[in-house]
Amino acid sequence: MKINLYESYGVIAHEKAPVYSETIPASSAYDVITVDIPDQYPLSRNELGETLIDIDGVTWLLSEVLKNKGDHPALRWFDGRRYHTIQLKTVRE
């Protein structure tokens, strides 16, 4: 599934790497990018309109697992034993 994200720059403590979010950042220095979330991780919304993602039977807020890997958006979560990271593919439109 394709979803738009905001790629922010110059975030305190993350000056050298972009920060990704689903909501419009407070900063004016950002780009809108489109990423492809693999179909094996279905998306839904809760009552507050926040995006949820199901990863290996656990439902997370997308904002909890949305990180970066290098300069690319990624999903990162802890399964109780180890961390998993999946780089998301950026879609050019």
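Coordinates for the structure precede this section.
Summarised in this report is the structure supplied together with it.

About the criteria used
Residues numbered from 1 in each chain as written. Predicted model: local features only at pLDDT ≥ 70, side-chain atom pairs only at ≥ 80, totals over all residues. Heavy atoms only, no water. Helix = DSSP H or I, 4+ residues; strand = E, 2+ residues; numbered from the N terminus. Contact = heavy atoms within 4.5 Å. Polar contact = N/O pair within 3.5 Å; in protein donor to acceptor, adjacent residues only side chain to side chain. Buried < 20%, exposed > 50% of the residue type's maximum accessible area, 1.4 Å probe, protein only. Pairing = 2+ DSSP bridges.

**Comments concerning the environment of Ser 21**
So, step 1. Inspection of the secondary structure puts Ser 21 in strand β2 (residues 19-21).
So, step 2. Separated by 31 residues in the primary sequence, Ser 21 and Leu 52 place their C-alpha atoms 13 Å from one another.
So, step 3. With near-sequence residues (within four places) excluded, Ser 21 lies in contact with Leu 5, Tyr 6 and Leu 66.
So, step 4. A distance of 2.9 Å separates the side chain of Ser 21 from the backbone oxygen of Thr 23, its partner in a polar contact.

**Things to note about the pairing of strand β5 (residues 51-55)**
So, step 1. Among the five residues that make up β5, four are buried, leaving the element largely enclosed by the rest of the structure.
So, step 2. Pairing of strand β4 (residues 43-45) with β5, which is carried by three bridges, proceeds in the antiparallel orientation. Considered in β5, the bridge of Arg 45 is made with Thr 51.
So, step 3. Where β5 meets strand β6 (residues 58-61), four bridges bridge the pair, whose relative direction is antiparallel. Pairing of Ile 53 across the sheet is with Trp 60, part of β6.
So, step 4. Turn length for the β5-β6 hairpin, with the two strands adjacent in sequence and antiparallel, is two residues, and the turn residue Asp 56 shows positive phi of about 55°.

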